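Notes for the structure review
The chain contents come next:
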Amino acid sequence: MIAAKKSSGKFNTEMFDDVPVLQRKWKAALRPGESLPRYEDVMLGSLGRLADHIVLLKNNNNTLEVSRSGRYIQKWLDDDRWDIPLNTLPPDCATALGEAAASALQNGRPYLAVAHCVRDGLVQTYDVLALPTSSRWGGTLIGTYVNERAARYNLLDAIFSATDEGVLSLAAIRDCGGQPFDFQIVTRTAYNHH
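Given the structure is predicted, the values throughout are model-derived calculations rather than measurements.

On to the side chain of Gln 124. Within the secondary structure, Gln 124 sits in strand β5 (residues 122–134). The buried category is assigned to Gln 124, whose relative accessible area is 5%. Within the local environment of Gln 124, its side chain forms a polar contact with the side chain of Tyr 126, the two groups lying 2.8 Å apart. With sequence-adjacent residues up to four places away left out, Gln 124 is seen in contact with Ala 115, His 116, Cys 117, Arg 119, Glu 148 and Arg 152.

Here it is, written out as structure tokens:
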């Protein structure tokens with residue numbers, strides 16, 4: 001009875017359970033007197049399917065680099081390269097990973113962030129958990145877990161359904177120095193309730 005209950009509930013909540021599991025694993029690996037747990041104790045061995053959702057970031061002279069990435073991460077980034085600077089990745093992904101990693105490094109503990117990425121007009125929401133660890137070769141490695149949190153939604157539908165007034169689409173008018181000084185209406189859409 002308990003096993004059946006657990007397996008039916010696991011399907012719906014499995015994704016949300018990953019974050020606390022990883023946070024507990026990080027905390028359990030922290031040894032007395034050390035500021036960060038060792039990379040080997042947190043990221044190697046028993047990650048199982050979670051390894052697909054991990055990107056390993058290396059802090060190299062205050063520049064973050066992608067050292068390794070799992071299959072899910074490679075698909076999310078649309079990039080399977082390793083040992084590349086973080087800023088060569090799509091800007092929304094790079095920003096989300098960079099902010100989470102920077103906060104984790106600054107706090108010296110796991111940091112959970114939420115990232116919103118737009119692909120083909122659909123907004124996707126992701127949990128991003130950065131786990132700072134010490135490397136035996138010196139320096140810090142940040143194991144960062146990424147997984148989609150909620151159902152995707154259409155950005156335009158969300159905008160239109162959020163207003164009773166309608167929507168304006170604007171284009172910036174720029175001066176000779178390239179600075180915007182006014183806006184031109186590109187489209188105007190009235191929204192009428194029936």
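After presenting the structure, the write-up continues.
Attention shifts here to the packing of aromatic side chains. Summed over the entire model, instances satisfying the criterion amount to one aromatic pair. For the pair Trp 76 and Tyr 126, a centre-to-centre distance of 5.3 Å together with 55 degrees between the ring planes defines the contact as tilted. A residue pair is termed long-range when its members are at least 10 positions apart, and Trp 76 in helix α3 (residues 71–77) and Tyr 126 in strand β5 qualify at 50 residues. Under the relative-accessibility criterion, Trp 76 is labelled buried at 7%.

Our next topic: the pattern of salt bridges. Using the criterion set out here, one finds nine salt bridges in the structure. Here Arg 38 makes a salt bridge to Glu 34, at a shortest N to O gap of 3.2 Å. With relative accessibility at 35%, the residue Arg 38 sits in the partly exposed group. Overall, Glu 34 belongs to the partly exposed group, its relative accessible area being 25%. Note that Asp 79 is salt-bridged to Arg 81, the shortest N-O span being 2.8 Å. By relative accessible area, Asp 79 is classed as buried at 14%.

A few words on the environment of Leu 30. Tracing the chain through its elements places Leu 30 in the loop between α1 (2–29) and α2 (39–43). Taking relative accessible area as the criterion, Leu 30 reaches 30% and is therefore assigned partly exposed. The contact partners of Leu 30, leaving out residues within four places of it in the chain, are Ser 35, Leu 36 and Pro 37.

Looking now at the state of the cysteines. Under the counting rule described, the total for this entry stands at zero disulfides. Looking at the unpaired Cys 93, the closest cysteine sulfur is the one in Cys 117, lying at 4.5 Å. The class of Cys 93 is buried, set by a relative accessible area of 0%.

Now for helix α4 (residues 91–107). For α4, which comprises 17 residues, the first-to-last C-alpha distance of 24 Å matches the rise-based estimate of 24 Å (1.5 Å per residue) to within 8%. Listed in full, the buried residues belonging to α4 are Cys 93, Ala 94, Ala 96, Leu 97, Gly 98, Ala 100, Ala 101, Ser 103 and Ala 104. A positive backbone phi angle near 70 degrees is found at Gly 108, which sits one or two residues after α4.

Cut-offs applied
- Note on numbering: residues in each chain are counted from 1, in written sequence order.
- Local features in this predicted model are restricted to residues whose pLDDT is 70 or higher, and side-chain atom pairs enter the listing and the counts only when it is 80 or higher, whereas totals over whole chains, interfaces and linings include all residues.
- Side-chain metrics rest on all non-hydrogen atoms present in the structure, leaving aside hydrogens and water.
- Each helix corresponds to a stretch of at least 4 residues labelled H or I by DSSP, and each strand to a stretch of at least 2 residues labelled E; elements are numbered beginning at the N terminus.
- Buried means the residue's accessible area, taken with a 1.4 Å probe over protein chains only, is under 20% of the maximum for its type, while exposed means over 50%, and partly exposed covers the values in between.
- Polar contacts, as used here, are pairs of N or O atoms within 3.5 Å; protein pairs need one atom able to donate a hydrogen and one able to accept it. Residues neighboring in sequence count only if both atoms are side-chain atoms.
- Contacts: residue pairs with any heavy atoms within 4.5 Å of one another.
- The aromatic pairing rule takes the rings of Phe, Tyr and Trp, using the six-membered ring of Trp, and pairs them if the centres are within 6.5 Å, calling planes under 30 degrees apart stacked, those over 60 edge-to-face and the rest tilted.
- Salt bridge, as used here, is a side-chain nitrogen of Lys or Arg placed within 4 Å of a carboxyl oxygen of Asp or Glu.
- Cysteine sulfurs are considered disulfide-paired once they come within 2.5 Å of each other.
- One less than the residue count of a helix, multiplied by 1.5 Å, gives the span that helix is expected to have.

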